[in-house]
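Residue-level structural notes
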Amino acid sequence: MVPPEYVNRRRLADTFIGLIQIDSPSFREQAIGERLRVELERAGCAVEKQEYDRSFNLVGRRKGTSAGALPLLVCAHMDTIEPTEGIEFSEVDGMIRSTGKTVLGADDKSALAQILEALSVIHERDLPLGDLEIVFTSAEERGLFGSKNLDFSRLRSRHALVLDACAEMGSLIVSAPTHVTYEMRVTGRPAHAGIEPEAGINAIRVAALIVASLPDGRISEQTTANIGEIRGGTATNVVPQQVVLRGEFRSRSGPELEALREEIFGSARSIAAAHGAEIEITPTEDYRAFTIPEDDPFLQFLCGVFRKCGKAPLLVPTGGGSDANIFNGKGITAVNMANGMRRVHSSDEHISVDDLNEGCRLLLQAVTDFRGFEER
Ligand SMILES: [Zn+2]
């Protein structure tokens, strides 16, 4: 076992504090990318910058010394949800938290710091392990943009550990939903509201009937739906011509997702038709669901590592997406592990130095123990 004291607790916290002070909202990862490149190179990695139209991803490669071990991919994202500018934080009694109006940025900079610390320990102690592929993605928070634009032909790993889960320590995310967003454009007929309202078809009224008819909120344990935006109308004296509705639904169950898709789009179309309005529906599948079976060897391996470190593994499903959805979709078995961050996407975001340390220890043990599995 890797001695727990190998992880330099203070250095890890300081790395994290350094990273949260570099502003890095989605698509503006340049500055943090530069810093991460330097840190990866310092820890013995060759760094490749993979640019795409809106940003870039970093891939760090570290040559292993264990003959016969298969490569392992470790991933975290560089961007943070906004607001982030002018971040204020405190470290009191072993807790690092946002003290201003911004998020802290622990999502996902706590993971970046844990990965860098684990690499530093491996480098300093020359620990024997296989090849590592470190992937730092961009614009994860905007719909997994970075991982969707990764050059997978340049990655060799068949297994990935993603550190991007806000859940109880020990949690391993084994299932995540498919996520569909949609836009509905309802078009009626404009008319003067006082002179000839009979000539109009009120798009707001039709849209309201549609909204009221749609399944909403938690549909089942595996499925959710939400209308998130409504825009339309121009003036009180005009029968409104157009309304745009934007919504989403998610499910970890394929059949439930398809049923919901039919119900939402079908009922919107029939209501629009019944009132003489036109409707144009544009769905976008943001990412696909995955489920990792309990007897999957990689999952079993991770559970074993956690137990060895004195941490009971918790296999949990999630309602959110992460880069793990994209990796799994590309045939790389990817498990997302909780790393200690709490209340993410809020100004109450925080992480304890203990959990920061614990997450790093679990990661370090996993990467040093990993040797890969025979193809089944
Ligand atoms: Zn995240």
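Preceding this paragraph is the structure being described.
For the structure given in this document, a descriptive report is provided here.

The subject of this paragraph is the pairing of strand β14 (residues 242–251). β14 sits mainly inside the fold: eight of its ten residues count as buried. With ten bridges connecting them, strand β9 (residues 178–187) and β14 associate as antiparallel partners. Looking at the pairing, glutamate 183 lines up with arginine 246 of β14. Relative to β14, strand β12 (residues 223–232) runs antiparallel, the two being bridged by nine bridges. When the sheet's bridge partners are listed, isoleucine 230 is paired in β14 with leucine 245.

Only His77 (NE2), Asp107 (OD) and Asp164 (OD) from the protein coordinate the zinc ion, and they sit 1.9 to 2.2 Å from it. One chain supplies every donor for the zinc ion, spaced along it as H-x29-D-x56-D. With histidine 77 in strand β3 (residues 72–77) and aspartate 164 in strand β7 (residues 159–165), this pair connects stretches of sequence that are 87 residues apart. Accessibility classification places histidine 77 together with aspartate 164 in one group, the buried group.

A few words on the side chain of glutamate 141. By the element assignment, glutamate 141 lies in the loop between β6 (132–137) and α4 (145–148). The charged side chain of glutamate 141 is buried without a salt bridge, its nearest counter-charge being arginine 142 at 8.4 Å. A polar contact is formed between the side chain of glutamate 141 and the side chain of histidine 345, at a distance of 3.2 Å. With residues near it in sequence (within four places) discarded, glutamate 141 still touches Ser26, His77, Asp79, Thr80, Ile81, Asp107 and His345.

Moving on: the layout of surface pockets. Within this model, the largest pocket holds a volume of roughly 520 Å³. Lining the largest pocket are 31 residues; nearest its centre among them are Glu140, Gly320, Gly321, Ser322 and His345. In terms of residue class, the lining of the largest pocket is built from 14 nonpolar, nine polar and eight charged. Here the lining of the largest pocket spans two domains, and each of domain 1 (4–176 + 289–369) and domain 2 (178–287) adds at least three residues to it.

What follows deals with the pattern of salt bridges. On inspection of all chains with the given rule, the structure shows 25 salt bridges. Residues aspartate 14 and arginine 10 are paired through a salt bridge, measuring 2.8 Å at the closest nitrogen-oxygen approach. Linking aspartate 14 with arginine 10, this pair stays in helix α1 (residues 9–20), spanning four residues, or about one helical turn. By relative accessible area, which is 41% here, aspartate 14 ends up partly exposed. The partner of arginine 154 in a salt bridge is glutamate 48, and the shortest N-O contact between them spans 2.9 Å. Remark: glutamate 48 occurs in strand β1 (residues 46–51) and arginine 154 occurs in the loop between α4 and β7; sequence separation between them is 106 residues. In this structure, a network of salt bridges that share partners links the residues Glu258, Arg261, Glu285 and Arg288.

What follows deals with the pairing of β1. The sheet contact formed by β1 and strand β2 (residues 56–62) spans six bridges and is antiparallel. The residue bridging lysine 49 from the neighbouring strand is leucine 58, located in β2. Taking the residues between adjacent antiparallel strands as the criterion, β1 and β2 are bridged by four residues.

Quick look at the nonpolar core now. By size, the foremost hydrophobic cluster in this structure holds 84 residues, and its most contacted members are Phe16, Leu36, Phe136 and Phe327. A total of ten residues in this core trace back to one element, the largest contributor, which is helix α3 (residues 106–125). Ignoring sequence-local partners within four residues, the contact set of phenylalanine 136 consists of Leu36, Leu40, Asn57, Leu58, Ala76, Met78, Leu112, Ile115 and Leu116. Counting 23 residues, the second-largest nonpolar core is a separate cluster that includes Val206, Ala207, Ala272 and Ala277.

We now examine α3. Taking 1.5 Å per residue as the helical rise, α3 with its 20 residues ought to reach 28 Å, and the 27 Å between its terminal C-alpha atoms agrees with that figure. Burial analysis of α3 places 16 of its 20 residues in the buried class, the great majority of the element. Once α3 finishes, aspartate 126 follows within two positions and takes phi at roughly 55°, a positive value.

Moving on, we come to the sheet that holds strand β19 (residues 350–352). Strand pairing in a sheet is mediated by backbone hydrogen bonds. Such pairs are either parallel or antiparallel. The antiparallel open sheet is built from three strands, whose spatial order is β4-β5-β19. Strands with a single pairing partner mark the edges of an open sheet, and in this sheet they are β4 (89–92) and β19. For this sheet, the mean angle separating the axes of adjacent strands, direction not counted, is 15°. Here four bridges tie β4 to strand β5 (residues 95–98), and the two strands are oriented antiparallel to one another. Along β5, the bridge assignment pairs glutamate 91 with isoleucine 96. Relative to β4, α1 is tilted by about 165°, and along the sheet it contacts β4, β5 and β19.

Cut-offs applied
Residues numbered from 1 in each chain as written. Predicted model: local features only at pLDDT ≥ 70, side-chain atom pairs only at ≥ 80, totals over all residues. Heavy atoms only, no water. Buried < 20%, exposed > 50% of the residue type's maximum accessible area, 1.4 Å probe, protein only. Helix = DSSP H or I, 4+ residues; strand = E, 2+ residues; numbered from the N terminus. Pairing = 2+ DSSP bridges. Donors = N, O, S within 2.8 Å, 3.2 Å for Na, K, Ca; no water. Lys, Arg positive; Asp, Glu negative; His and termini not counted. Salt bridge = Lys/Arg side-chain N within 4 Å of Asp/Glu carboxyl O. Polar contact = N/O pair within 3.5 Å; in protein donor to acceptor, adjacent residues only side chain to side chain. Contact = heavy atoms within 4.5 Å. 1 Å grid on protein atoms, 1.4 Å probe; cavity = no way out; pocket = protein on both sides within 12 Å on 5 of 7 lines; lining within 4 Å. Points joined across faces, edges and corners; volume = space filled by probe spheres on them. Nonpolar A, V, L, I, M, F, W, Y, C, P; charged D, E, K, R; others polar. Domains from an automatic or database assignment. Core = buried A, V, L, I, M, F, W, Y, C linked by side-chain atoms within 4.5 Å. Expected span 1.5 Å × (residues − 1). Axes fitted to C-alpha atoms, helices over the stretch in contact; angles between N-to-C directions.

Distances and angles like these do not, on their own, reveal function.
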